[in-house]
Amino acid sequence: MKMAVLTGALALCFLGCNNSVKAQTGWKQLSGAWNISPNRVSPMAGKDRLFTLQYTGSAKEIAWESLSVDFRFEDRSAKGALGMMLNIEAPDDYQLLRIAPDTARCVLQLLHRKYGYFRMWQEVIVPAKLSANQVYTVSIVKAPAVDLEDWRPWKIMIREKGSGTILLKQGVSNDMPAFGLGQVGLYTTRPDIAFSDFQCILQHPEQKNRALVLPSVFADRMVLQHSRVNPVWGKAAPGSEVEIRIAGKRLKTRTGKDGKWKIGLPALPVNDSLDMEVCSEKDRIRIRNIAVGEVWLASGQSNMEMRTWQSDVSKTITQRNNDPGLRVFKQSQWPSGDPVFSSGGEWILADSANVMGWSAIVSSFGINLRKTLHMPVGIICAYWGGTAVESWFPREELAKDPVTAPILERYHASLVHLEKGLPVETRFPWSWDVAGQSHTPGNLYNGMIAPVAPYSIKGVLWYQGESNTQKARQYEHLFPLLIDTWRKKWDNPELRFFYVQLAGYDGKQSGSEIESAWPQLRDIQRKVLDKKKQTGMVVAFHLGDSLDIHPYRKNEIGLRLANLALHDAYGFKKIVSRGPLFTQALFKNGGATIRFRETAEGLTTAAGKPLAGFTIAGNDQVFYPAAAVISNDGKTVVVSSDKVPVPVAVRYGWANYSPEANLVNSVGLPASPFRTDNWRLLTDDTL
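Let me begin by describing the structure that accompanies this report. Note that the structure is a prediction, hence the values are computed from the model and not measured.

**Thoughts on the nonpolar core**
Here is step 1 of the chain: In this structure, Tyr-455, Trp-462, Trp-486 and Phe-614 are the most contacted members of the largest nonpolar core, which totals 139 residues.
Here is step 2 of the chain: By residue number, the principal contributor to this core is strand 24 (residues 283–300), which donates nine residues.
Here is step 3 of the chain: Residues Leu-53, Ile-99, Val-126 and Ile-193 belong to the second largest nonpolar core, which totals 44 residues.

**Thoughts on the side chain of Asp-220**
Here is step 1 of the chain: Mapping Asp-220 onto the fold places it in the loop between strand 17 (193–202) and strand 18 (223–225).
Here is step 2 of the chain: There is no salt bridge for the buried Asp-220, and the closest opposite charge comes from Arg-221, which lies 4.7 Å off by N-O distance.
Here is step 3 of the chain: A polar contact is formed between the side chain of Asp-220 and the backbone nitrogen of Arg-288, at a distance of 2.9 Å.

**Let's talk about helix 8 (residues 517–531)**
Here is step 1 of the chain: Taking 1.5 Å per residue, 15 residues should reach 21 Å; helix 8 reaches 21 Å between its end C-alpha atoms and fits that length.
Here is step 2 of the chain: Taken across its 15 residues, helix 8 has 12 buried, putting it largely inside the fold.
Here is step 3 of the chain: The secondary structure elements touched by the buried residues of helix 8 are helix 7 (472–489), strand 29 (496–500), strand 30 (535–538), strand 31 (581–588) and strand 40 (674–675).

**Comments concerning the pairing of strand 29**
Each regular strand carries side chains that alternate between the two faces of the sheet.
Here is step 1 of the chain: Among the five residues of strand 29, five are classified as buried, and the element is accordingly described as predominantly covered.
Here is step 2 of the chain: Of the two faces of strand 29, the one holding Arg-496, Phe-498 and Val-500 and the one holding Phe-497 and Tyr-499 are both buried throughout.
Here is step 3 of the chain: Pairing between strand 28 (residues 459–463) and strand 29: four bridges, direction parallel. Bridged to Trp-462 within strand 29 is Tyr-499.
Here is step 4 of the chain: For strand 29 and strand 30, the ladder comprises four bridges, and the chain directions are parallel. Across the sheet, Phe-497 pairs through a bridge with Thr-535, a residue of strand 30.
Here is step 5 of the chain: Regarding topology, helix 8 serves as the crossover connection from strand 29 to the parallel strand 30, and that connection is right-handed.

**Notes on the pairing of strand 13 (residues 136–142)**
Here is step 1 of the chain: Burial within strand 13 is extensive, with five of its seven residues counted as buried.
Here is step 2 of the chain: In terms of strand pairing, strand 8 (residues 64–73) meets strand 13 through six bridges, oriented antiparallel. Bridged to Phe-71 within strand 13 is Tyr-136.
Here is step 3 of the chain: Summarising the sheet, strand 13 and strand 14 (residues 154–160) pair through seven bridges and their orientation is antiparallel. Paired with Val-138 across the bridge in strand 14 is Ile-158.

**Things to note about the packing of aromatic side chains**
Here is step 1 of the chain: Per the stated rule, a full pass over the model turns up 33 aromatic pairs.
Here is step 2 of the chain: Ring centres 6.4 Å apart and planes at 40° place the aromatic pair Trp-347 and Tyr-455 in the tilted group. Placement of the pair is Trp-347 in strand 26 (residues 346–350) and Tyr-455 in the loop between helix 6 (443–449) and strand 28, with a sequence separation of 108 residues. A single burial state applies to Trp-347 and to Tyr-455, both of which are buried.

**Side note on the sheet that holds strand 37 (residues 636–640)**
Here is step 1 of the chain: With antiparallel pairing, four strands are arranged side by side in an open sheet as 31-32-37-36. Of all the strands in the sheet, the pair left with one neighbour each is strand 31 and strand 36 (627–630). In this sheet, neighbouring strand axes are inclined to one another by 25° on average, regardless of whether the strands run parallel or antiparallel.
Here is step 2 of the chain: In this sheet, strand 32 (residues 591–597) lies alongside strand 31 in antiparallel orientation, the contact comprising seven bridges. Paired with Leu-586 across the bridge in strand 32 is Thr-593.

**Description of the sheet that holds strand 4 (residues 27–31)**
Here is step 1 of the chain: An order of 4-7-16-9-10-11-12 is seen for the seven strands of this open sheet, with the pairing classed as antiparallel. The open sheet is flanked by strand 4 and strand 12 (117–125), the only strands paired with a single partner. The average undirected angle you get between the axes of adjacent strands in this sheet is 25°.
Here is step 2 of the chain: Of the strand pairs in this sheet, strand 11 (residues 107–114) and strand 12 are connected by eight bridges, and their pairing is antiparallel. Among the inter-strand pairings, Lys-114 is bridged to a residue of strand 12, identified as Tyr-117.

**Remarks on the packing of helix 3 (residues 360–373) against helix 9 (residues 555–568)**
Here is step 1 of the chain: Two elements in contact, helix 3 and helix 9, have axes separated by 7 Å at closest approach and are oriented at 45°. In terms of orientation, helix 3 lies oblique with respect to helix 9. Here helix 3 and helix 9 pass one another in a crossing that is right-handed. Residues Ile-361, Ser-364, Phe-365, Asn-368, Leu-369, Thr-372 and Leu-373 of helix 3 form the contact with helix 9, whose participating residues are Asn-555, Ile-557, Gly-558, Leu-559, Leu-561, Ala-562, Ala-565 and Leu-566.
Here is step 2 of the chain: A per-class count over the contact of helix 3 with helix 9 returns 10 nonpolar, five polar and no charged.

Definitions and cut-offs
- Residues numbered from 1 in each chain as written.
- Predicted model: local features only at pLDDT ≥ 70, side-chain atom pairs only at ≥ 80, totals over all residues.
- Heavy atoms only, no water.
- Core = buried A, V, L, I, M, F, W, Y, C linked by side-chain atoms within 4.5 Å.
- Buried < 20%, exposed > 50% of the residue type's maximum accessible area, 1.4 Å probe, protein only.
- Helix = DSSP H or I, 4+ residues; strand = E, 2+ residues; numbered from the N terminus.
- Lys, Arg positive; Asp, Glu negative; His and termini not counted.
- Salt bridge = Lys/Arg side-chain N within 4 Å of Asp/Glu carboxyl O.
- Polar contact = N/O pair within 3.5 Å; in protein donor to acceptor, adjacent residues only side chain to side chain.
- Expected span 1.5 Å × (residues − 1).
- Contact = heavy atoms within 4.5 Å.
- Pairing = 2+ DSSP bridges.
- Right-handed = clockwise from strand over helix to strand, strands pointing away.
- Phe/Tyr/Trp six-rings, centres within 6.5 Å; stacked < 30°, edge-to-face > 60°.
- Axes fitted to C-alpha atoms, helices over the stretch in contact; angles between N-to-C directions.
- Parallel < 35°, antiparallel > 145°, perpendicular 65-115°, else oblique.
- Left-handed = near helix turned anticlockwise from the far one by under 90°.
- Nonpolar A, V, L, I, M, F, W, Y, C, P; charged D, E, K, R; others polar.

Okay, structure coming up:
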């Protein structure tokens, strides 16, 4: 939808002879007194020390694409700061982009004002000093889809207005909920400042002052799930009638007292392009170029977020990948303490430029799914690097589970500290349960999943776990609970859930400095296959990089996820979709016979090399490298060691990074690492 520039309307309005000032439609004064004219706004000198102004053209649930304002200060000797207010929840609860030009070093700070004090979450030095009577522009803009300079989704820029010289260009993320959503305004603590040319570009400007609104996922180029009821929901005036018209059908409902409504669209056949109208009273929304096909949700942390241009998937993308039948909804990264109605985001068509900025795994998955299904494919992308699994839960689910309730207790205890202005725990990994950060429990579910649930989907693609390795034992309960929780939110106990087992890594961070942390979490992921039906796992330890937590090889992961979907969800049973999985161990005659399933036409080794990667132990729990031989039946492996005459346990691929492990099935899919024992590990105590 075409963007529109909304500029704050500035005007003076004198009341009697006392020269008091009221803002016209464009502005609401929150603190201090302001002079407001058509060309500029500036604080009125007096006893006030804080001047804040809210732009009424913004709204809590309307997404914006960029903000900018010109500023000039007239007295270099004056003290104080200036900037833009972001995500204003209340006059004393807002994010702030603050420029402090009078410090020893000019700095730009990002802060959260709440509980009566500021808490800084990022600071950047501005390389040049700002001069009096010089006009500068500060702007916040969305980064391009492919940005080789900085992967972060937003950019802050300061430039000289006249010459255009860039003084600062800084990539930033929404570590606090600040950019792209919510009410915005101006801030200063110095009376000599003058602001002008304030601009706020909304993602959907037509939503301004409209009673009928939809979450951003219902927009041009969207994909609906075929042959299944598709819920559509939104808000309108309380008690009003809402009608949807699509494919010759007309469906109606009436809003409740809270203005909310939901309509279930009857199952639709596959279609390349439909239009839909949503009407209520005087409001009408038309959504164009809707496809009907297969819809998936991709979520997790940085290895799911890693972009096509950063991976080997880029080598498969050509100009011929312009494919209007492949689309993604790129959800905005937005943390929130409460579930939000919409956090922005947009549907994007696949072309060679756009795909380069998509998740590499999503690109590979979508391209491979399209090759076989020959129908539209849509993927909702909601992921964020460096996030723990508890970030993706609704808080009420954590609160009522006896195992996870302590997570919420630690969160609430830290919230009390924040309210009192006391320091909170920031050391990894305990900081995951601490308030005041993007990844705290429930924040990413509230801001990124709640706005798209229960949009009709075929299943979930999940790649996450690196941030939970230091508390791997806890993941054994959390991960299956997440699957159950999301299935409940989508009201679908059979919702497909396909995930990626952690790739190999030994960089001595994120738990890989702890012996057995990463292999323990991989083994927990493997065991979920037997605990939860309609799940599938991609084995990826051999695609890792010992020193890079974000391995380059993503094309094969996307292909394997696609093959899981094609086999399980679409009935292509001839596709071998899984590698060998441990099922049973039999210890006798000084050795161990290990049985596997998912062997296809038989077990073998990668590149024809001797079988390796097995260790064996006796009751002393000391593991030794083992000799391993594939049996004639192609379904078992016999493991032994002269140093272990009476073995009781076998492990395979049991290391953070295990390049020697090479057991595969007949189509080359690798066996999952595993252990047969349940002996205590170091991470069993970090709950």
